[in-house]
Amino acid sequence: MNTRGLLDQLLKSGQDLLQNKAGGIQNKASSGGLGGLLKGSSGSGGLGSVLSGAGGGALAAGAMGLLLGNKKVRKVGGKVAIYGGLAALGVIAYKAYGNWQAQQGTAATTEPQTIDRLPAAQVEQHSQAILKALVAAAKADGHVDERERQLIEGEFSKLDNDQELQHWLHAELNKPLDPTDVARAASTPEMAAEMYIASVMLVDEENFMEKSYLDELARQLKLEPGLKAELEKQVRQASV
């Protein structure tokens with residue numbers, strides 16, 4: 001599967017959402033979640049105007065908007081980190097590891113192997129785990145129903161016609177939300193950190209359901225409390 005290319009497009013689409021569409025989408029979303037987005041699609045700020053733009057960036061922005069639903073796109077649009085796509089997740093994770101180790105008073109014996117420092121084959125493995133985390137985080141507030149899943153899958157199919165990837169996404173979208181299952185995708189501590197960063201970017205910590213999901217995901221990923229706090233801090237700083 002070419003998860004890397006799809007995920008990179010999706011992450012970078014936050015810039016388009018923020019600069020060109022966020023205001024209109026926020027207004028539509030606040031008036032009724034995904035339904036509000038779609039009802040406003042013929043207007044100047046609705047989802048239709050995002051999708052009508054030229055190129056994969058516009059399609060990625062549409063897919064991101066659908067995945068977020070009633071999250072109003074404000075958090076993803078505001079996360080400077082996602083402008084750089086996958087590499088930025090690695091940079092955040094790497095910096096968080098360094099700060100956490102300094103706080104522990106321990107020098108790293110080996111350099112953290114974050115996604116920005118890996119060969120292509122390993123980047124693909126990290127990418128699939130991160131996309132799994134993103135899809136799960138988008139479902140954490142319970143807003144993704146059957147109709148919305150079909151719409152999301154339709155937008156993803158426009159981005160990538162890889163049938164294996166489409167089947168995988170379909171399965172992930174239709175799974176019950178289970179942080180234990182999500183955490184199983186993390187085969188290294190660095191992958192766990194990147195998955196958590198991606199989840200923090202999407203989850204609204206003021207929403208009880210989403211905050212509970214995030215806390216349980218951190219437990220299942222076996223993140224040390226100090227590292228968890230540092231990862232959250234780095235995401236907050238990236239959004240300033």
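Scroll up to find the structure this text is about.
Here is a short report on the structure shown in this document. The residue count restarts for each chain, going from 1 along the sequence in the order it is written. Reporting in this predicted model follows two pLDDT cut-offs: at least 70 for local features of residues, and 80 or more for side-chain atom pairs to be given and counted; totals over whole chains, interfaces and linings ignore these cut-offs and use all residues. As a rule here, side-chain values come from all non-hydrogen atoms in the structure, and water together with hydrogens is ignored.

### A few points about the overall build of the protein
Secondary structure assignment for the protein yields 13 helices and 0 strands. Where helices and strands are cited, they refer to DSSP runs of H or I of at least four residues and of E of at least two residues respectively, numbered from the N terminus. The order of α-helices and β-strands along the protein, N terminus first, is α-α-α-α-α-α-α-α-α-α-α-α-α. Residue burial considers only the protein chains on display, and all accessible areas are found by Shrake-Rupley using a 1.4 Å probe. Here the protein displays about 10,300 Å² of accessible surface, and carbon together with sulfur accounts for 50% of that area.

### Thoughts on the packing of helix H7 (residues 120-138) against helix H11 (residues 189-202)
For helices, the axis comes from a line fit to the C-alpha atoms of the stretch in contact; other axes are also lines fit to C-alpha atoms, and the angle between any two N-to-C directions lies between 0 and 180 degrees. Direction vectors running N to C along H7 and H11 enclose 30°, while the axes themselves pass 8 Å from each other. Of the two possible hands of crossing, H7 and H11 adopt the one that is right-handed. Two secondary-structure elements touch here, H7 through Gln-125, His-126, Ala-129, Ile-130, Ala-133, Leu-134, Ala-137 and Ala-138 and H11 through Glu-190, Met-191, Glu-194, Met-195, Ala-198, Ser-199 and Leu-202. Any residue that is not Ala, Val, Leu, Ile, Met, Phe, Trp, Tyr, Cys, Pro, Asp, Glu, Lys or Arg is counted as polar, Gly included; the first ten are nonpolar and the last four charged. Classifying every residue of the contact of H7 with H11 gives 10 nonpolar, 3 polar and 2 charged. Left-handed describes a crossing whose near helix is turned anticlockwise from the far helix by less than a right angle; the clockwise case is right-handed. We call two residues in contact whenever any of their non-hydrogen atoms come within 4.5 Å of each other.

### Notes on helix H9 (residues 163-174)
Spanning 12 residues, H9 covers 17 Å between terminal C-alpha atoms, matching the ideal 16 Å at 1.5 Å per step. Each residue is assigned to one of three classes by its accessible area relative to the maximum for its type, calculated with a 1.4 Å probe on protein chains only: buried under 20%, partly exposed between the two thresholds, exposed over 50%. Every buried residue belonging to H9 is among Leu-165, Gln-166, Trp-168, Leu-169, Glu-172 and Leu-173, and all of these are buried. What you see down the axis of H9 is that its buried residues fit within an arc of 165°, all on one side. Opposite the packed face of H9, turned more than 90 degrees from it, sit the exposed residues Gln-163 and His-167. Helix span, expected: 1.5 Å multiplied by one less than the number of residues in the helix. The directions from the helix axis to the C-beta atoms form the arc being described.

### Describing the packing of H11 against helix H13 (residues 225-238)
Packing of H11 against H13 leaves a shortest axis separation of 10 Å and a crossing angle of 50°. Taken as axis vectors, H11 and H13 run oblique relative to one another. For the pair H11 and H13, the sense of crossing is right-handed. Along its contact with H11, which presents Ala-193, Tyr-196, Ile-197, Val-200 and Met-201, the element H13 presents Lys-228, Leu-231, Glu-232 and Val-235. Taken together, the residues of the contact of H11 with H13 break down into 7 nonpolar, no polar and 2 charged. Oblique is the label for every angle not falling under 35 degrees (roughly parallel), over 145 degrees (roughly antiparallel), or within 65 to 115 degrees (roughly perpendicular).

### Some words on the packing of aromatic side chains
Only centres within 6.5 Å qualify two rings of Phe, Tyr or Trp (six-membered ring in Trp) as a pair; their planes then separate them into stacked at under 30 degrees, edge-to-face at over 60, and tilted for everything else. Throughout the structure, instances matching the rule amount to 1 aromatic pair. Relative to Trp-100, the ring of Tyr-97 has its centre 6.4 Å away and its plane inclined at 70°; by these criteria the two rings are edge-to-face. Pair noted here: Tyr-97 and Trp-100 are both in helix H6 (residues 86-104), with a separation of 3 residues, about one helical turn. With a relative accessible area of 7%, Tyr-97 lands in the buried category. The ring centre of Tyr-94 lies 3.5 Å from the NZ or CZ of Arg-117, which sits over that ring. Criterion for a charge above a ring: Arg CZ or Lys NZ at most 6 Å from the ring centre, at most 35 degrees from the ring normal.

### Comments concerning the environment of Glu-230
One can find Glu-230 in helix H13. Taking the relative accessible area as the measure of exposure, Glu-230 reaches 3% and is therefore buried. Along the primary structure Glu-230 and Ala-93 are separated by 137 residues, whereas in three dimensions their C-alpha atoms are 9.1 Å apart. When residues no more than four places from it in sequence are discounted, the contact partners of Glu-230 are Ala-96, Asn-99, Trp-100 and Gln-103. Pairs of N or O atoms are called polar contacts if they sit within 3.5 Å, as long as, within protein, a hydrogen donor faces a hydrogen acceptor (for residues adjacent in sequence, only side-chain-to-side-chain pairs). Among the polar contacts listed, one links the side chain of Glu-230 to the side chain of Gln-103, at a separation of 3.0 Å.

### What to know about the nonpolar core
The biggest cluster of nonpolar side chains holds 58 residues, and the ones touching the most others in it are Ile-130, Leu-131, Phe-156 and Tyr-196. With sequence-adjacent residues up to four places away left out, Leu-131 is seen in contact with Thr-3, Leu-6, Leu-7, Leu-10, Trp-168 and Leu-169. Buried Ala, Val, Leu, Ile, Met, Phe, Trp, Tyr and Cys residues form a nonpolar core when they are joined through side-chain atoms within 4.5 Å.

### Here's the deal with the side chain of Lys-139
Looking at where Lys-139 falls in the secondary structure, it is placed in the loop between H7 and helix H8 (146-159). As used throughout, the charge tally considers Lys and Arg to be positive and Asp and Glu to be negative, leaving His and the chain termini uncounted. The term salt bridge refers to a pairing of a side-chain nitrogen on Lys or Arg with a carboxyl oxygen on Asp or Glu at a separation within 4 Å. At 6.0 Å, Glu-172 is the nearest oppositely charged side chain to Lys-139, a buried residue that forms no salt bridge.

### Quick look at the pattern of salt bridges
Tallying each qualifying case throughout the model produces 13 salt bridges. Notably, a salt bridge pairs Lys-175 with Asp-181, separated by 3.2 Å at the nearest N-O pair. Across the pair Lys-228 and Glu-232 runs a salt bridge whose closest N-O atoms are separated by 2.9 Å. Here Lys-228 pairs with Glu-232, and both are found in helix H13, just 4 residues apart, close to one helical turn. Across the pair, exposure class does not vary: Lys-228 and Glu-232 are buried alike. One network of salt bridges, with partners in common, ties together Lys-132, Glu-172, Lys-175, Asp-181 and Arg-184.

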